[in-house]
Amino acid sequence: MRNAFFASRPTLGVECAYRKSVAASSRAPSYLLRRDGGPKMIETAQDLLNYVGGKWQPSRSGVHNEVHNPATAATIARVPMSVKDEVDEAVKAGVAAFKEWRETPVVDRIKPLFKLRELLTANLDELARTITNEAGKTYGEAAAEMARGIENVEVACGAPFMMQGTNNEDIAHGIDEHMIRQPLGVVAAITPFNFPGMIPLWYLPYAVATGNCFLLKPSEKVPMTTQLLYRLLEEAGFPSGVVGLINGGKETVDAILDHPDVKAISFVGSTPVARYIYSRAAQNGKRAQCQGGAKNPAVILPDADMEMATRILTDSAFGCAGQRCLATSVAITVGGARGEFTERMVAAASKRKVGYGLDKGVEMGPVISGESKDRIRGLIEKGVSQGARVLTGGADAEVDGFRNGYFVHPTLLDDVAPNSELAKTEVFGPVLSLMHASSLEEAIEWVNDRAFGNQASIFTNSGSAARQFRHQAIAGNIGVNLGVAAPMAFFPFSGWSDSFFGDLHAQGAHGIEFFTQTKIVIERWPQNWSRTF
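Residues numbered from 1 in each chain as written. Predicted model: local features only at pLDDT ≥ 70, side-chain atom pairs only at ≥ 80, totals over all residues. Heavy atoms only, no water.

A. Examining the overall build of the protein chain more closely. The number of helices and strands found in the protein chain is 17 helices and 24 strands. Whereas a compact globule of 533 residues would reach a radius of gyration of roughly 24 Å, the protein chain reaches 24 Å, a difference of no more than 12%. Oriented by its inertia axes, the alpha-carbon framework of the protein chain measures out at about 80 × 70 × 40 Å. Evaluated residue by residue, the protein chain yields a buried proportion of 57% over its 533 residues. For the protein chain, the proportion of contacts with a sequence separation of at least 24, taken over those separated by at least 6, is 73%. (Helix = DSSP H or I, 4+ residues; strand = E, 2+ residues; numbered from the N terminus. Rg over C-alpha atoms; globule rule 2.2 N^0.38 Å. Buried < 20%, exposed > 50% of the residue type's maximum accessible area, 1.4 Å probe, protein only. Contact = heavy atoms within 4.5 Å.)

This is the structure:
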């Protein structure tokens, strides 16, 4: 049965507004869903809460950042900048809960995950709308994001199997050896703005299923989805302290990184911040997995299905307004592929409908902020100054009814030089750079001439060309006739070079390994000691 927190189901074009509530409450904040037609501005932006020790509570910092709807620039919430003492309180709640949680049989630890899966599925509509309003995605993109997050919950429910150790009987006469997995303690994740529903679920299900207590610090730009997620976690039945939520900025992050009782850190964000998080975590003796930025190329050979390649790469480059670490940002044509592919891409990009993600027919929403829009504009201008040509699009975009929104039209830049700043810099926006190689070998050389290694793709009907590419391309995720090579939840989300710092990635078996430590037990029971020297 759906709980009262999600009782109302709005029609398309409706924004969520927070209802004023008691300053300190053991219940999550409630949503007021407007039904009187069309997108509505938020009447009251509520101060968001932390979730510590099984209770919802306001921050004591007294400092809040505004949360804006990227399509309207309207303030829709205020997120607290929690201080060091509040992080300490949240970690201590996890430490206290860990003593009993780690002793809970794994078959019982996954029972709340089964319930969470059902709650996420039942409330996917409200979650998707919230993502649209705070992150700017289209409704379809937001719903698909939550579906991928739910897949990780499903996979983590297999922890009783995935946590199994190994053993050898009689490694010597009468001596047996076993390897078992045990949880770490309190672990934390610091997650980005571009997937506020999915990326926390890359980590949380595996962490708690393996017996850890989990603390989340979401992006201060998109904290509302997490409030909903944690209300569902509360309803799923996790004991107090097993899951915690702390909002904040850099001070909050540093307090997590420096806390001696936080044993592991998971992070997704830009490469400079990923490097910082990894370095500071490692200096403090923590294990860390830090996903960084990307510059993802796609190679298009003359024998490719041009119509299909265009459709796929249009979605890859401009889906989620280009704000995803697997977005294709460079298209490299080979030989005769240049003319037809370029012509088709210009037509597809210029027709893509940009607007508010809850409005019917919209195919691309805004970027996350005015600062992001200005940065994208600057990179486009830099590319032009270095010889690139704008074929369509640009950052000076306005959408009827949303003049204050942070919109950028799908942008194609042609003749981008392989050694230019634009060719090597992560744009994180709806900008596709076109480059033109004379051979597959030259294209692969350009693919590998970058600091990042998140994804690379090839479009071809040649098996030998595809095999050569997948073998030689320096990237952790390879797509063949795919524009977004996003691994399923039972595979690790790979990433190489400056796109990842650490050893074990998110999802699947890597998630189980990351959140556990191995213990070797060697035992003998015979009374006689038979070893001779």
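B. Structural context of the sheet that holds strand 21 (residues 477-480). Across the sheet, which stays open at both edges, the seven strands sit in the order 16-17-18-15-14-20-21 with mixed pairing between neighbours. Each end of this open sheet is capped by a strand with a single partner; those strands are strand 16 (389-394) and strand 21. Between one strand and the next, the sheet's axes are offset by a mean angle of 15 degrees, whatever the strand orientation. Note: strand 14 (residues 296-300) against strand 20 (residues 455-459), three bridges, orientation parallel. Its bridge partner being in strand 20, valine 299 is matched across the sheet by isoleucine 458. (Pairing = 2+ DSSP bridges. Axes fitted to C-alpha atoms, helices over the stretch in contact; angles between N-to-C directions.)

C. Fine view of the packing of helix 15 (residues 440-448) against helix 16 (residues 463-472). Direction vectors running N to C along helix 15 and helix 16 enclose 25 degrees, while the axes themselves pass 11 Å from each other. As the angle between them shows, helix 15 and helix 16 are arranged roughly parallel. Here the hand of the crossing between helix 15 and helix 16 comes out right-handed. On helix 16, the residues that touch Leu440, Glu441, Ile444, Val447 and Asn448 of helix 15 are Ala465, Gln468, Phe469 and Gln472. (Parallel < 35°, antiparallel > 145°, perpendicular 65-115°, else oblique. Left-handed = near helix turned anticlockwise from the far one by under 90°.)

D. Region of the structure containing the side chain of arginine 352. Relative to the helices and strands, arginine 352 resides in the loop between helix 12 (337-351) and helix 13 (370-385). When neighbours within four sequence positions are excluded, arginine 352 is seen to be in contact with Thr314, Asp315, Phe318, Gly319, Glu363, Met364 and Pro410.

E. Representation of the sheet that holds strand 24 (residues 516-524) in the model. Across the sheet, which stays open at both edges, the three strands sit in the order 7-8-24 with antiparallel pairing between neighbours. Each end of this open sheet is capped by a strand with a single partner; those strands are strand 7 (166-172) and strand 24. Adjacent strand axes in the sheet meet at a mean angle of 25 degrees when their direction is disregarded.

F. View of the side chain of lysine 137. With respect to the helices, strands and loops of the structure, lysine 137 is situated in the loop between helix 4 (124-135) and helix 5 (139-156). The contact partners of lysine 137, leaving out residues within four places of it in the chain, are Ile131, Thr132, Ala142, Glu145, Asn194, Phe195, Cys320 and Gly357.

G. Inspection of helix 15 at higher detail. Buried within helix 15 we find Leu440, Ala443, Ile444, Trp446 and Val447. Burial along helix 15 is one-sided: seen end-on, the buried residues are contained in an arc of 160 degrees. Residues of helix 15 that are buried make contact with strand 14, strand 15 (328-334), strand 18 (431-437), strand 20 and helix 16. (Arc of directions from axis to C-beta.)

H. Molecular detail of the packing of aromatic side chains. In this structure the tally under the stated criterion is 10 aromatic pairs. Judged by centre distance (5.6 Å) and plane angle (50 degrees), the ring pair of phenylalanine 490 and phenylalanine 491 falls under tilted. Residue class for phenylalanine 490 comes out exposed when judged on its relative accessible area of 53%. Note on phenylalanine 491: relative accessible area 49%, which makes it partly exposed. Grouped by ring-pair contacts, the aromatic residues Tyr51, Trp56 and Tyr230 constitute a single cluster. Of note, lysine 137 hangs over the ring of phenylalanine 195, and the distance from its end group to the ring centre comes to 3.4 Å. (Phe/Tyr/Trp six-rings, centres within 6.5 Å; stacked < 30°, edge-to-face > 60°. Lys NZ or Arg CZ within 6 Å of the ring centre and 35° of its normal.)

I. Spatial organisation of the nonpolar core. One finds Leu113, Leu120, Phe214, Tyr230 and Ile265 to be the most contacted residues of the largest nonpolar core, which totals 91 residues. Tallying contributions element by element places helix 7 (residues 200-209) first for this core, with eight residues. Among residues more than four places away in sequence, those in contact with isoleucine 265 are Ala188, Ile190, Ile256, Leu257, Ile277, Ala281, Lys286, Arg287, Ala288, Gln289 and Phe514. (Core = buried A, V, L, I, M, F, W, Y, C linked by side-chain atoms within 4.5 Å.)

J. Local environment of the packing of helix 11 (residues 306-318) against helix 12. As a packed pair, helix 11 and helix 12 sit with axes 9 Å apart at the nearest point and diverge in direction by 50 degrees. Between helix 11 and helix 12, the angle falls in the class oblique. Pair helix 11 / helix 12 crosses with right-handed handedness. Seen from helix 11, the contacting residues are Met306, Glu307, Thr310, Leu313, Thr314 and Phe318; seen from helix 12, they are Ala337, Glu340, Phe341, Arg344, Met345, Ala348 and Ala349. Residues that form the contact of helix 11 with helix 12 fall into these classes: eight nonpolar, two polar and three charged. (Nonpolar A, V, L, I, M, F, W, Y, C, P; charged D, E, K, R; others polar.)

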